[in-house]
Amino acid sequence: MMEHSTSDLPTQWLQALQNDGCRITHARRAIVNLLIQSDRALGPIEIYDLARKEYSALGLVTVYRTLEKLEELGLIQRVHMPDGCHRYLKSAQGHEHLLLCTKCGKTVTFRGDDLNQLNLNVSQKTGFVIQDHWLQLFGLCPKCQGNT
């Protein structure tokens, strides 16, 4: 798969939605643009509030349906926050892990880990065959560290 610039993503995402049978509306464009431009994980209500600045007639049901479809298409991923709430952000490119700021929600992806020994230990203790893993680390970003 070819790498595309962020400026190409709205067109690609909207095309994927259309190919899956969704109508391309101003509301969906506002949601897609917001998710692509965000550097942090966003909750559905936050997406609703922010995207209404671009399209004031946006409905909350449209936000939930669009998030569900974008996640189904693999364009966004749901992240689990320490407070138990789910937020959404662009899907990782390949096998990446997440750092999430617990104060502002900023996300940073990173590559690299050596979990082979941990996977082997867990597999031996439980009898499970480990097929994949998903790593999220929580902390404070540099900006929020200065505001504590």
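One can find the structure itself at the top, above this paragraph.
The structure presented is a predicted model; accordingly, all values stated were derived computationally and were not measured.

### Quick word on the overall build of the protein
In terms of helices and strands, the protein carries six helices and five strands. Listed N to C, the secondary structure of the protein is α-α-α-α-β-β-β-β-α-β-α in terms of helices and strands. Taking all 148 residues of the protein together, the buried fraction comes to 32%. Of the roughly 9,600 Å² that the protein leaves accessible, carbon and sulfur atoms contribute 51%. A gap of 7 Å separates the mean positions of the 16 positive and 15 negative side-chain charges of the protein.

### Considering the packing of helix α2 (residues 26-37) against helix α4 (residues 60-72)
Their axes nearest at 10 Å, the elements α2 and α4 cross at an angle of 60 degrees. Between α2 and α4, the crossing angle belongs to the class labelled oblique. As α2 runs across α4, the sense of the crossing is right-handed. Every residue of α4 that contacts α2 at Ala27, Arg28, Ile31, Val32 and Leu35 is listed here: Thr62, Val63, Thr66, Leu67 and Leu70. Its residues assigned to classes, the contact of α2 with α4 shows seven nonpolar, two polar and one charged.

### So, the side chain of Thr66
Looking at the element boundaries, Thr66 is found in helix α4. Leave out the neighbours within four places in its chain, and Thr66 touches Arg28 and Ile31.

### Some words on the nonpolar core
The tendency in soluble globular proteins is for nonpolar side chains to be buried side by side. If you look at the biggest cluster of nonpolar residues, it comprises 23 residues, and the most contacted ones within it are Trp13, Leu35, Ile47 and Leu70. For this core, the leading source of residues is α2, giving seven residues. Each residue touching Leu35, except ones within four places of it in the same chain, is listed here: Trp13, Ile47, Leu67, Leu70, Ile76, Tyr88 and Lys90. Ala41, Met81, Leu98 and Leu100 belong to the second largest nonpolar core, which has six residues in total.

### Some details on the packing of helix α3 (residues 44-51) against α4
Relative orientation of the contacting elements α3 and α4 amounts to 120 degrees, with a least axis distance of 9 Å. In this view, α3 runs oblique relative to α4, as classed from their interaxial angle. At the point where α3 passes α4, the crossing takes the right-handed sense. Residues Pro44, Ile45, Ile47 and Tyr48 of α3 form the contact with α4, whose own contacting residues are Leu60, Val63, Tyr64 and Leu67. When its residues are assigned to classes, the contact of α3 with α4 shows eight nonpolar, no polar and no charged.

### A few points about the pattern of salt bridges
Where side chains of opposite charge bring their charged atoms close, a pairing between them can arise. By the definition in use, this model includes five salt bridges. Asp20 is the salt-bridge partner of Lys69, the closest N and O atoms lying 2.7 Å from each other. Of this pair, Lys69 sits in helix α4 while Asp20 is found in the loop between α1 (9-19) and α2, placing the two residues 49 residues apart along the sequence. Note on Asp20: relative accessible area 34%, which makes it partly exposed. Among the charged side chains, a salt-bridge network with shared partners connects Asp20, Lys69 and Glu72.

### So, the sheet that holds strand β3 (residues 97-101)
Strand order in the open sheet made by the three strands is β4-β3-β5, with mixed pairing throughout. Each having just a single partner strand, β4 (107-110) and β5 (136-139) make up the two edges of the open sheet. Mean inter-strand twist for the sheet, computed between neighbouring axes without regard to direction, equals 20 degrees. As paired strands, β3 and β5 are joined by four bridges and run parallel to one another. Across the sheet, the residue bridging to Leu99 is Leu137, located in β5.

Parameters and conventions
- Residues numbered from 1 in each chain as written.
- Predicted model: local features only at pLDDT ≥ 70, side-chain atom pairs only at ≥ 80, totals over all residues.
- Heavy atoms only, no water.
- Helix = DSSP H or I, 4+ residues; strand = E, 2+ residues; numbered from the N terminus.
- Buried < 20%, exposed > 50% of the residue type's maximum accessible area, 1.4 Å probe, protein only.
- Areas by Shrake-Rupley, 256 points an atom, 1.4 Å probe, with all protein chains shown as cover.
- Lys, Arg positive; Asp, Glu negative; His and termini not counted.
- Charge placed at Lys NZ, Arg CZ, Asp CG, Glu CD.
- Axes fitted to C-alpha atoms, helices over the stretch in contact; angles between N-to-C directions.
- Parallel < 35°, antiparallel > 145°, perpendicular 65-115°, else oblique.
- Left-handed = near helix turned anticlockwise from the far one by under 90°.
- Contact = heavy atoms within 4.5 Å.
- Nonpolar A, V, L, I, M, F, W, Y, C, P; charged D, E, K, R; others polar.
- Core = buried A, V, L, I, M, F, W, Y, C linked by side-chain atoms within 4.5 Å.
- Salt bridge = Lys/Arg side-chain N within 4 Å of Asp/Glu carboxyl O.
- Pairing = 2+ DSSP bridges.

These values are about where atoms sit, not about what they do.
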